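The lines below spell out each chain.
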Amino acid sequence: MYFQHVYDKTLAQASYFIGCQAKGEAIVIDPQRDMDVYLAIAKQNNMKITHITETHIHADFLSGARELAAVTGAKMYLSDEGPAEWQYEFPHEGLKHGDKIKVGNLTLEVLHTPGHTPESISFLLTDHPATDKPVMVFTGDFVFVGDVGRPDLLEKAAGIVGTQEKGAKQMYESIQRFAELPDYVQVWPGHGAGSACGKALGSVPSSTVGYEKVRNWAFQFATDENGFIDYLLDGQPEPPKYFAMMKHLNKVDRPLLVEVPKHPKLSKEQFLSAYQDGLKVIDTRNKVDFAKGFLPGSINIQGNNSFATWAGWLLNYQEQFILVAEESQMEDLTRKLMRIGLDNIYGFVESVEDLGIELQSSEVIGLEEFKSMVGKEDVQIVDVRNTTEFKQGHVKGAEHVFVGTLVDNLEKINKDKQVVIHCQSGDRAAIAYSLLRRNGFENVKNYSVGMKEWKETGQETVTNELVNI
């Protein structure tokens, strides 16, 4: 057996290339959309991708299963479990509980493991003829290292009311069946730490059934279904806005993108024409460089590992946009965006200095100035971290508005007061600052170092109030 774990750290998403070296056949589980990585693995190992599968209809990334199938001619094997209204709407080989996929001398048995989603399946792998016992289970968003998949996404992201409690009950039942697998079976999940598909995912890539039974919180409620459900539903992070679009695009037929597109470097005249027509400008520079000088109306989303996630929060799928980025960064940024289906890049510029536009700058303040403003009647302190972080400890008197929903809550920000924003360590506050300035807020200061410095210097925090605006 040949095995390779492919990990996209930008979305904390895992996919798997598994091959039978004797027969030269391979299967890919949960491929990312820029699927040339799997073609390269196949070529390097003299294998042919003959099978492609998914563990469920994904919410957090745009699956590359159809792109990979189009290029390789491999068959897609997808779940036909779950209710009729939540099925794949394009041709595929349907899978039910107990079905087996044979890839050369390998067998993958389908386990229906609902909870995260109704159609969720896992794959129990046996490597013949070495053994007739299973050696690995690929769990998708069912069992993670240290956590299990959240059952609330269909309701919170896709708007299907009443599904989270049902999903939580199904997850409890699936966990009980999972615990019956041999302790030695390796567990390879679909996500690692940083994914919004759970709340406490571990950072190591794999585990075993036995280890999860001992250390994973979800296996400690063997006789307490209600306790399990309450714990599972409590404290889940806000699902990014783009999740609803991913659920839709991964379910229906859609245009395919089989190559990483190249985008034009815009001339000054091309940029100014598009800018004056209202195209959004996403400035991917470091927050410090952005603060020194930025184009009016531009949004600062740094081109780091969180780039795609925040772009998914703030961009819609119908509008074109321009990137401020070095030409050498464009392939990486394009890959990050195409993994969540944001393909409408109009072009890019490398510099904001030579466009003939007067730049704005951010007013960044330090600890002492921030301390002097806390508690003042004419100052509004806004914490833009997520709800869980805010509840765990925040500056007394601070109001909470998550950066991902800031634009939906602008009327709650007081233009008659000095607004001071902060997050944990500055990245999200930089996004929030640019959004406020874009929407006409001039009297804004950014305590960029945020809660990291506030706590490290022993300042007071409170946990017993939540002002969610």
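Everything here concerns the structure above.
The following refers to the structure shown. (Residues numbered from 1 in each chain as written. Predicted model: local features only at pLDDT ≥ 70, side-chain atom pairs only at ≥ 80, totals over all residues. Heavy atoms only, no water.)

It is worth spelling out the pairing of strand β2 (residues 13-20) at this point. Among the 8 residues that make up β2, 8 are buried, leaving the element largely enclosed by the rest of the structure. In this sheet, β2 lies alongside strand β1 (residues 2-8) in antiparallel orientation, the contact comprising 7 bridges. When the bridges of β2 are listed, valine 6 appears paired with serine 15. If you look at the hairpin formed by β1 and β2, you'll find 4 residues sitting between the two strands, and alanine 12 has a positive phi there, around 50°. What sits between the antiparallel neighbours β2 and strand β3 (residues 25-29) is a turn of 4 residues, in which glycine 24 has the positive phi angle 75°. (Buried < 20%, exposed > 50% of the residue type's maximum accessible area, 1.4 Å probe, protein only. Helix = DSSP H or I, 4+ residues; strand = E, 2+ residues; numbered from the N terminus. Pairing = 2+ DSSP bridges.)

The 6 strands lie next to each other as β1-β2-β3-β4-β5-β6, forming an open sheet whose pairing is mixed. Looking along the sheet, the strands with just one partner apiece sit at the ends: β1 and β6 (93-95). Geometrically, the sheet is characterised by an average inter-axis angle of 25° between neighbouring strands, direction not taken into account. In the packing of helix α1 (residues 36-44) onto the sheet, the strands contacted are β1, β2, β3 and β4 (48-53), and the crossing angle to β1 comes to about 155°. In the packing of helix α2 (residues 65-72) onto the sheet, contacts are made with β3, β4 and β5 (75-79), and the angle to β4 comes to roughly 150°. (Axes fitted to C-alpha atoms, helices over the stretch in contact; angles between N-to-C directions. Contact = heavy atoms within 4.5 Å.)

The subject of this paragraph is the packing of helix α10 (residues 307-314) against helix α11 (residues 330-338). At a minimum axis distance of 9 Å, the contact between α10 and α11 shows a crossing angle of 55°. As summarised for this structure, α10 and α11 are arranged oblique, according to the angle between their axes. Relative to α11, the crossing made by α10 is right-handed. For the pair α10 and α11, contact is made by Phe307, Ala308 and Ala311 and by Leu333, Lys336 and Leu337, respectively. Considered class by class, the residues forming the contact of α10 with α11 number 5 nonpolar, no polar and 1 charged. (Parallel < 35°, antiparallel > 145°, perpendicular 65-115°, else oblique. Left-handed = near helix turned anticlockwise from the far one by under 90°. Nonpolar A, V, L, I, M, F, W, Y, C, P; charged D, E, K, R; others polar.)

Pairs can form between side chains of opposite charge whenever their charged atoms are close. If you walk through the whole model with that rule in mind, you get 25 salt bridges. A salt bridge links lysine 452 to glutamate 456; the shortest N-O distance between them is 3.1 Å. On the criterion of helical spacing, the pair formed by lysine 452 and glutamate 456 is a turn pair, its members being 4 residues apart in helix α15 (residues 450-456). Since its relative accessible area comes to 59%, glutamate 456 is described here as exposed. Look at the salt bridges and you will find they share partners, linking Asp8, Asp34, Asp36, Glu331, Arg335 and Arg339 into a network. (Salt bridge = Lys/Arg side-chain N within 4 Å of Asp/Glu carboxyl O.)

Our focus in this paragraph is helix α4 (residues 163-178). For α4, which comprises 16 residues, the first-to-last C-alpha distance of 22 Å matches the rise-based estimate of 22 Å (1.5 Å per residue) to within 8%. Buried residues of α4: Thr163, Gln164, Gly167, Ala168, Met171, Tyr172, Ser174, Ile175 and Phe178, and no others. Summarising the contacts, the buried residues of α4 are in contact with β10 (134-140), α3 (153-156), β11 (186-189), α5 (209-215) and α6 (225-233). (Expected span 1.5 Å × (residues − 1).)

Quick look at a nonpolar patch on the surface now. A cluster of nonpolar side chains, namely Val71, Leu256 and Val258, defines an oily patch on the protein surface of about 220 Å² accessible area. With respect to the element layout, valine 258 can be found in the loop between α7 (242-249) and α8 (268-276). (Patch = residues over 30% accessible without salt bridge, like charges linked within 9 Å, V, L, I, M, F, W, Y side chains within 5 Å. Areas by Shrake-Rupley, 256 points an atom, 1.4 Å probe, with all protein chains shown as cover.)

What follows covers the pairing of β4. Summarising burial for β4: 5 of the 6 residues are buried, a large majority. Once the chain exits β3 it traverses α1 before rejoining the sheet at β4, and the crossover so formed is right-handed. With 3 bridges joining them, β4 and β5 adopt parallel strand pairing. Bridging from a neighbouring strand, isoleucine 52 pairs with methionine 76 of β5. Handedness of the β-α-β unit built from β4, α2 and β5 comes out right-handed. (Right-handed = clockwise from strand over helix to strand, strands pointing away.)

Let us look at the layout of surface pockets. Approximately 990 Å³ is the volume found for the largest pocket. In terms of lining, the largest pocket is formed by 41 residues, of which the most central are Gly194, Thr309, Trp310, Asn386 and Arg428. Among the elements of the structure, α7, α10, α13 (387-392) and α14 (427-438) are those that each provide at least two residues to the lining of the largest pocket. Ranked by residues supplied to the lining of the largest pocket, first place goes to α10 with 4 residues. (1 Å grid on protein atoms, 1.4 Å probe; cavity = no way out; pocket = protein on both sides within 12 Å on 5 of 7 lines; lining within 4 Å. Points joined across faces, edges and corners; volume = space filled by probe spheres on them.)

Quick look at the side chain of glutamine 32 now. Among the secondary structure elements, glutamine 32 is positioned in the loop between β3 and α1. Side chain to side chain, glutamine 32 and aspartate 34 meet in a polar contact 3.3 Å long. When sequence neighbours within four positions are dropped, the list of residues in contact with glutamine 32 reads Val6, Asp8, Gln13, Val37, Tyr38, Phe61, Leu62, Gly64 and Arg339. (Polar contact = N/O pair within 3.5 Å; in protein donor to acceptor, adjacent residues only side chain to side chain.)

Glancing now at the sheet that holds strand β19 (residues 399-400). One open sheet holds the 5 strands; their spatial order is β17-β21-β20-β18-β19, and the pairing between them is parallel. A strand with exactly one partner marks an edge of an open sheet, and here the two such strands are β17 (364-365) and β19. Lying over the sheet, α14 contacts β20 (418-422) and β21 (444-447), oriented at roughly 175° with respect to β21.

Any functional reading would require information beyond the geometric quantities listed.
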